[in-house]
Amino acid sequence: MQQRTIRVWSGIHKWTSLICTIFMLMLCLTGLPLIFHDEIDAALDTHDWEPANPGGPMLSLDRILSVALDNQPGDKPIFMSFDKDRPVVNVTTAPTLEASEGAMHFASYDRTSGETVPDHESSFMAFILELHMNMFLGLPGMLFLGAMGLLLFLAIVSGVVLYAPFMRKLNFGTVRTGKTRRIKWLDLHNFFGVITVAWLSVVTLTGVVNTLATPIIDLWRTHSLADLIEGYENQSVPTPEEMASLDAAVKEAVEAAPDKTLQFVAFPGGQFSTDFHYGVFLQGKTSLTQHLITPALINARTGELSDIRGTPWYVKSLALSGPLHFGDYGGLPLKILWTILDLLTIIVLVSGLYLWASRRRPVTSEIREPTTTHSPSLTTSS
Amino acid sequence: MSASNNSRNRRSARSTFALPFWIALASLVGLVTALLGDGLWNAVAWLGLGTPIVALGYGLIYRTG
């Protein structure tokens, strides 16, 4: 590789890394507890909640919805989701359909009584998650972190390119501890960097895709669902009083897709449906298809099923980017591997900062072929 | 990695990237396999994504000094 080429890649590596490192450190640190989100929530859960009438008859979804709307007068329904391991329905409402996530109201209801269920998500984990996702800056914060992710990916690519000249005379995995501290950390940086490269690339790129969730869902709604609202353009979003039975809609959707299970309902006018349909989202039952969601769109005024349709590739990519980013899809051993790789990444980030801060000469001087001696020593900085 | 690669010889890019390539490929296979199913699929995934950790141990034990 030409000295000049090395200098260019080295410049790319330095600047992309310098800009994103502080954010990546934050993401790696907040990501650590998030890997064990389920375990931490389960450990903090006091297990003292029980349904009011265990085994008793379940209230209808329409009834739960009206209780939820009575509890937040004036609100409009946005989402309804269903706990898997207990008879609990979660209802999200908001003062307006355009309300930001922070302005929404979330409550859980006992399906056997209609009573609210105390929140069992820890506020600490919610804080960590918000910091990790958008640094409390909403969509702009999320997109900003996506941009930082792209910079990290450039840093990874340029790091791989630079690996070749740095390792020209070294065996894989060599860590020279007998020379200077800087050489030791250079070797560790290169070694840890190159063994984590595939995992970190996947976690980085899926993280970037996750930051694009809002534009991706908006694109899906305006493109893939456009035909469903033809002829309805002049109608208003149905009010809860105007909506057909939610129970009947859910039943119709589930019966139309017997190979799938119910995941959540998006109400008309929200981000996940048209202005006139219930979006009843179903997930597959196998390990792979459970990550892919298929909406049944049901006319919210008439209760008729309009269509069940698969999602386009960009929504599938978003759906698969979830597990591939979180590492929560392959049991506890996968989470432990995720943790180790995350810790190695932290070492790569910090050692990269150290190598930059302790730099003495241009990078090319560290890998230049010695012309007068056969010494394998590659650097003169100490 | 052949024994003839002593540290004073220049290595080709192919030789430099041989082990990193296989480690990356095993990692990717692991990442995808865990999506495909449970049980045996997960075990394959752990092996695949465990490869970087094995390489880590190898480097720190045999190549440090």
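Residues numbered from 1 in each chain as written. Chains lettered and ligands numbered in written order. Predicted model: local features only at pLDDT ≥ 70, side-chain atom pairs only at ≥ 80, totals over all residues.

A.B. asks: What's the story with the confidence of the model for chain A in this structure? I'm lost.
C.D. replies: Note: predicted coordinates in regions of low pLDDT should not be interpreted at a detailed level. With 93% of its residues at a pLDDT of at least 70, chain A reaches an overall mean of 90. Here helix 12 (residues 364-367) of chain A is the element of chain A with the lowest mean pLDDT, 62, and helix 7 (residues 197-211) of chain A is the one with the highest, 98. (pLDDT = per-residue confidence, 0-100. Helix = DSSP H or I, 4+ residues; strand = E, 2+ residues; numbered from the N terminus.)

A.B. asks: So what exactly am I meant to see when it comes to the domain arrangement of chain A here?
C.D. replies: All names here are of chain A. Taken domain by domain, chain A consists of domain 1 (3-40 + 127-212 + 331-368), domain 2 (53-116) and domain 3 (213-317). For domain 1 and domain 3, the distance between their C-alpha centroids amounts to 39 Å. Each partner contributes residues to the interface: domain 1 has four residues there, and domain 3 has five residues. (Domains from an automatic or database assignment. Contact = placed C-beta atoms within 7 Å.)

A.B. asks: Help me understand the interface of chain A and chain B in this model?
C.D. replies: Interface size, as often reported, equals the accessible area lost upon joining of the parts. Every contact between the two is made by 35 residues of chain A and, on the other side, 34 residues of chain B. Where the side of chain A that touches chain B is concerned, the elements lending two or more residues are helix 5 (138-166), helix 6 (181-195), helix 7, helix 10 (313-326) and helix 11 (331-357) of chain A. Tallied by class, residues from the side of chain A that touches chain B come to 23 nonpolar, ten polar and two charged. (Nonpolar A, V, L, I, M, F, W, Y, C, P; charged D, E, K, R; others polar.)

A.B. asks: In this structure, what is going on with the sheet that holds strand 1 (residues 76-82) of chain A? I would like to understand it.
C.D. replies: Strand pairing in a sheet relies on backbone hydrogen bonds, with the paired strands running either antiparallel or parallel. Residues and elements named next belong to chain A. Reading across the sheet, the eight strands line up as 4-3-2-1-5-6-7-8 and stay open at both edges, with antiparallel pairing between neighbours. Edge positions in the sheet fall to strand 4 (116-117) and strand 8 (305-308), since each has one partner strand and no second. Relative to strand 4, strand 3 (residues 105-110) runs antiparallel, the two being bridged by two bridges. When the bridges of strand 4 are listed, tyrosine 109 appears paired with threonine 116. (Pairing = 2+ DSSP bridges.)

A.B. asks: What exactly am I supposed to notice about the packing of helix 8 (residues 213-224) of chain A against helix 10 of chain A here?
C.D. replies: Helix-helix packing: each pair is described by the crossing angle between the helix axes and the interaxial distance. All names here are of chain A. The geometry of helix 8 relative to helix 10 is characterised by a closest axis approach of 9 Å and an angle of 150 degrees between their N-to-C directions. Crossing of helix 8 against helix 10: the hand is left-handed. Residues Ala213, Ile216, Leu219 and Trp220 of helix 8 form the contact with helix 10, whose own contacting residues are Tyr314, Val315 and Leu318. When the residues that make up the contact of helix 8 with helix 10 are grouped by side-chain class, the tally is seven nonpolar, no polar and no charged. (Axes fitted to C-alpha atoms, helices over the stretch in contact; angles between N-to-C directions. Left-handed = near helix turned anticlockwise from the far one by under 90°.)

A.B. asks: Honestly, the nonpolar core in this entry has me stumped. Any pointers?
C.D. replies: For soluble globular proteins, the rule of thumb is that nonpolar side chains tend to be buried together. Judged by nonpolar contacts, the single largest core of 37 residues is most densely connected at Met24, Leu152 and Trp199 of chain A. Secondary-structure elements contributing two or more residues to this core are helix 1 (3-35), helix 5, helix 6, helix 7 and helix 11 of chain A together with helix 1 (13-36) and helix 2 (40-62) of chain B. By residue number, the principal contributor to this core is helix 11 of chain A, which donates seven residues. Once residues lying within four places of it in the same chain are set aside, the contact partners of methionine 24 of chain A are Met148, Leu152 and Leu349 of chain A. Counting residues in hydrophobic clusters, the runner-up holds 32 residues, among them Met80, Leu225, Phe267 and Val280 of chain A. (Core = buried A, V, L, I, M, F, W, Y, C linked by C-beta atoms within 7 Å. Buried ≥ 20, exposed ≤ 12 C-beta atoms within 10 Å, placed from the backbone.)

A.B. asks: Can you walk me through the pairing of strand 7 (residues 293-299) of chain A in this structure?
C.D. replies: A regular strand carries its side chains on alternate faces of the sheet. Residue and element names in this part refer to chain A. Burial runs high along strand 7: seven of the seven residues are buried. Judged by which residues are buried, strand 7 turns out to be covered on both faces: Ile293, Pro295, Leu297 and Asn299 on one side and Thr294, Ala296 and Ile298 on the other are all buried. Where strand 6 (residues 277-284) and strand 7 come together, seven bridges link them in antiparallel fashion. Within strand 7, the residue paired with histidine 277 across the bridge is asparagine 299. The sheet contact formed by strand 7 and strand 8 spans three bridges and is antiparallel. Within strand 8, the position partnered with alanine 296 by the bridge is isoleucine 308. Linking two consecutive strands that pair antiparallel, namely strand 7 and strand 8, is a turn of five residues; a positive phi of about 80 degrees is found at glycine 303 within it.

A.B. asks: Got a minute to help me understand the pairing of strand 1 of chain A in this structure?
C.D. replies: Residue and element names in this part refer to chain A. In this structure, strand 1 lies alongside strand 2 (residues 88-94), joined through six bridges in antiparallel fashion. Bridge pairing in strand 2 links lysine 76 to alanine 94. Between strand 1 and strand 2, which pair antiparallel in sequence order, lie five residues. Pairing between strand 1 and strand 5 (residues 260-266): three bridges, direction antiparallel. From the neighbouring strand, methionine 80 faces strand 5, where its bridge partner is valine 265.

A.B. asks: I tried to follow helix 5 of chain A on my own but got confused; where do I start?
C.D. replies: The α-helix advances 3.6 residues per turn, and as a result positions three or four apart in sequence lie on the same side. Taking 1.5 Å as the rise per residue, helix 5 of chain A with 29 residues should run 42 Å; its terminal C-alpha atoms sit 41 Å apart, in good agreement. Leu145, Met148, Gly149, Leu151, Leu152, Ala155, Ile156, Ser158, Gly159, Leu162, Pro165 and Phe166 of chain A are the residues of helix 5 of chain A that are buried. (Expected span 1.5 Å × (residues − 1).)

A.B. asks: I tried to follow unusual backbone geometry on my own but got confused; where do I start?
C.D. replies: All names here are of chain A. A positive phi is found at methionine 135, a non-glycine position, where the angle reads about 55 degrees. Residue phenylalanine 136 is not a glycine yet carries a positive backbone phi of 65 degrees. Within the secondary structure, phenylalanine 136 is located in the loop between helix 4 (123-134) and helix 5. For phenylalanine 136, a count of 10 C-beta atoms within 10 Å corresponds to the exposed category.

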